[in-house]
Structure formats: structure tokens, C-alpha cells
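Structural overview
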Amino acid sequence: YKAFKGDITFPIADDMQSHISRISLIDMLTFDRPIFEKGINLNSKKKVVFNSAYTLKPLDKLVTFQSGLWKGESGELQTVKVLRNTNFKLNNGFLDYSDVAEIDVATTQLLTRTLQYGDIILEKSGGSDTQAIGRVVLFDKEDNNETYSYSNFCSRIRVNNAYEVNPLYLWIVLHNFYCQGGTIPLQNGIRLLNIDMAGYSKIKIPVPPIDVQKQIVEEICKVDESVSFSIQLIEKNEADVEGLLSSINFENGTLNTIAPFVTKSIKYNDIEPETYITTDNMLQNKLGIVPFVGEANISSITEYKKDDILISNIRPYLKKIWFADKEGGCSKDVLVLRSVDASKYLPKYIFYMVRRDALFDYVMEGKKGVKMPRGNKEDIQKYRIPIPPIEEQKRIVSQIEALEDEITNARNLIENAASEKQAILDKYL
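Rules used throughout
Residues numbered from 1 in each chain as written. Predicted model: local features only at pLDDT ≥ 70, side-chain atom pairs only at ≥ 80, totals over all residues. Heavy atoms only, no water. Salt bridge = Lys/Arg side-chain N within 4 Å of Asp/Glu carboxyl O. Helix = DSSP H or I, 4+ residues; strand = E, 2+ residues; numbered from the N terminus. Buried < 20%, exposed > 50% of the residue type's maximum accessible area, 1.4 Å probe, protein only. Pairing = 2+ DSSP bridges. Axes fitted to C-alpha atoms, helices over the stretch in contact; angles between N-to-C directions. Patch = residues over 30% accessible without salt bridge, like charges linked within 9 Å, V, L, I, M, F, W, Y side chains within 5 Å. Areas by Shrake-Rupley, 256 points an atom, 1.4 Å probe, with all protein chains shown as cover. Core = buried A, V, L, I, M, F, W, Y, C linked by side-chain atoms within 4.5 Å. Contact = heavy atoms within 4.5 Å.

Tallied over the full model, the rule gives 21 salt bridges. Lys427 serves as the salt-bridge partner of Glu219, at 3.1 Å between the closest nitrogen and oxygen. Here Lys427 lies in helix α8 (residues 390-428) and Glu219 lies in helix α4 (residues 210-246), a separation of 208 residues in the sequence. On the accessibility criterion, Glu219 (18% relative accessible area) is buried. Under the relative-accessibility criterion, Lys427 is labelled exposed at 54%. Between Glu303 and Arg338 there is a salt bridge; the shortest N-O distance is 3.9 Å.

For the rest of this paragraph, the subject is unusual backbone geometry. Even without being glycine, Asn91 reaches a positive phi, approximately 55°. Tracing the chain through its elements places Asn91 in the loop between β3 (77-83) and β4 (101-106). The backbone phi angle of Asp307 is positive, close to 80°, even though this residue is not glycine. Here Asp307 is to be found in the loop between β15 (302-304) and β16 (309-312). What makes Asp307 partly exposed here is its relative accessible area of 31%.

Strands sit in the order β2-β9-β5-β7 across an open sheet of four strands; the sheet is antiparallel. Edge strands, defined here as strands with exactly one partner in the open sheet, are β2 (63-67) and β7 (136-138). Between one strand and the next, the sheet's axes are offset by a mean angle of 25°, whatever the strand orientation. One ladder, built from four bridges, connects strand β5 (residues 120-123) with strand β9 (residues 154-159); its direction is antiparallel.

All right, on to a nonpolar patch on the surface then. Taken together, the side chains of Ile26, Phe31 and Phe36 make up a nonpolar region of the molecular surface, amounting to roughly 340 Å² of accessible area. Mapping Phe36 onto the fold places it in the segment before β1 (56-58).

This part takes up the nonpolar core. Ranked by size, the top nonpolar core spans 37 residues in total, and within it Ile157, Leu170, Leu174, Tyr200 and Ile205 carry the most contacts. If one sorts the elements of this core by residue count, helix α2 (residues 167-179) sits on top with eight residues. For Ile157, the contacting residues outside a window of four places in its chain are Val63, Thr64, Phe65, Asp119, Ile120, Leu122, Leu170, Leu174 and Tyr200. Core analysis: the next-biggest nonpolar cluster, separate from the first, contains 28 residues, Tyr349, Phe360, Ile387 and Leu403 among them.

This is the structure:
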């Protein structure tokens, strides 16, 4: 209403910014098709444009596109590996080769659809409400003994002249274009999203000298190598943590009752809002919590204190667990465990023991098929963990904390990789 009255600069209230955005009408219309279409794309965002000192060239002047294939039904057939959208699941521009379909395809179709190193595969159909269509991945296999193709939900992008455009440079630029939201204005459809290939082919790409492109590739590949090393480090350290805990036996005593459940109810007004914990703002995979957003159930709050263990107690939030570094309150769908005697049972040690998959598998035993199963308090309290002497508990906790510091640093590196890559592109382009 304000916009129609001419006020198009008024600030949008903070609590409405997840529902309302301001977009120029020109960015909600499509002008690059032979026939003007009067449709307004409500999912559109401002078009991503590369600002560069170098010449910008339409993508279709630099590459050729080739749609994919699927199962052959007649003529000569050949069994080949076919890459699908599921092989894009790493979401970092690289392919996951762990689940590649082997399909009989028509040999005549395969002739023009065999992948070679440096090809870029574009996801042209698929997507979801939370994931835009248009991901790109690099085909980086150099083994000529295996034949790979790609499905009909994809399109292959192949550089016309490698002396003009380095294929890896183009892949980096197109992946960046996707990450910036550039394909959102180009998608259409409801359940199955499709990309406007005519519009995609007209994306204007900066084309610096080939030596500049190679420098960009070299520096960004170093970032990717660091990310790959960090992923391996996380996997190794998590395995080391599990191995350390698994090696502890029951010879030095057991704890039949993990810890007493805290049931003390408190008032919402007695805690800081950011300390309110629910099953929603606890993160999976032991990553902690995020700030609470929404309406608190102020009639049902359980107290927790520093060094308590909070466990989400209802699907789909099971396996969420947090070691409290402050005090506050939580909803009734979160169980609060407290060490019976910190001088004998180190809270952090108990936390490491109960956050393992073994506890959750035990809690959910026999509850398959139940839509919203809850962990039974009595069952949890019967769960047994080995309790070595307190000095041994401290040694184990110290070792795990050192491994987890490395994991935290590795995760931070991975999270910062996108901004590092953007800085490299900004520096050269």
C-alpha cells in the first residue's frame, strides 16, 4: 500500500523480513525471449550480474550445451555409468561418485553424450522449495577406461575453445553464479523446477586473459584442497573420539543411572530469552544451539544449569544433544541430565558417553514405525556406561577436547571457504 502511494524506501520491520522483500518489477519480468511473456515471477530475486573490468560474453558464445539421456529402449544398447542429480549432493561444485547408476543406453545417443575431463554438468530439472535449480558440478575423472554420461535431468556444458576460456575457470564462475542466487530468476515450475535454458545460455561471463583465469583456478583450487583436507580431518578425529570411548571397558565400575533428571519448573521471566532451549534451536551433530526464535511455551519450562546435559526427546529432533555452557530454561521436550556427584562423575565425560549413537539406538529400540516416538526416561536411566577413576575421566575428556578443537577449526575453515573464493574472484575480476 505504501509502495503504491510512492513510498518505496520505508524500512521493513525486523519481524517481517523473513516474509517480505523489496524487488524491482523489472527483475520479475523476462525480456530475453522471442515472445514477451506477461508473467511475473514472484520467486525472482535481483539478477546476478558480474561486475568486471574484462569483457563480458554470453555463455552460448563460449560453450555448447547438450541435454542428457536415459534408458534406451531400442537399437544397439550399451551399459554405462550415468550421473544424476543425486550425485550433486555435496553441494560444493564437486561430484559424489559413491552412488552412480549403471544404465543401458542407446549407443547412438551416447556418441554425443560421453563426458570428458573438464566438462561441466548443469542440473536443469529438479530442485525444491529450499534448493534452487541450476547447480553445476565438474566432471574431473581422467580415467579413459570408464565411460560416463549424464541423465536427462542434466545438460552438459563444454567449452568451445580452451585457449579462450579455461574449463575450470568457467566452472568456478558458474558455481559462484549459482551460490549468489543467479539461477533463481531463471527457474520455473512448482513441484519439479526447470531452468530456463534460453535465459541461462545468455548469462554474461567475464573473460579475462587466459593467464589470469589460470591464476584464479590455482588459488581457488588451493582453497578447495584445504576444504578437502578439513573434511578428512573431521572424519578422522570423529572416528578417533569414537574409538577412544569404545575402548573404555566396564572393569572399573559402571553408572547404572546416568544422572538424575532435572524437573524444577521456572518462569520464563526469570531467564534471559536467548537461554531458552527447545528441540528447534538445538543443532544436530553435537554442534550446539542457535538463538531461539518464536513464542516460548511459558507455562512449561524446566531449569538447566552450566554443565548440565540437554537431550532432545522427540522425533524428528532425536540425536540433538548439548552440553550447557550457561544456565537457563528449556521446553518439556528437552531432557535435562545432571551429574549426581561431579567429584566422581565428570559431567563432560558423561556427556561424551551419552551423545554417542549407541544411546539413541538403545532408546529407540522397538519403536520403529512410531511417528513421533519419545525417549522413555526410565529406559535412559537404565542405560549403563563405564566409569573409570576420576583422573582417567579427566584424561579422556582432555584428549577429546583437543580433537574437537581441531574439528571446530576445520569446520570454521569450511564455512569461510565461500567468502575466500569470492575474495579471489573480486581481486582478479
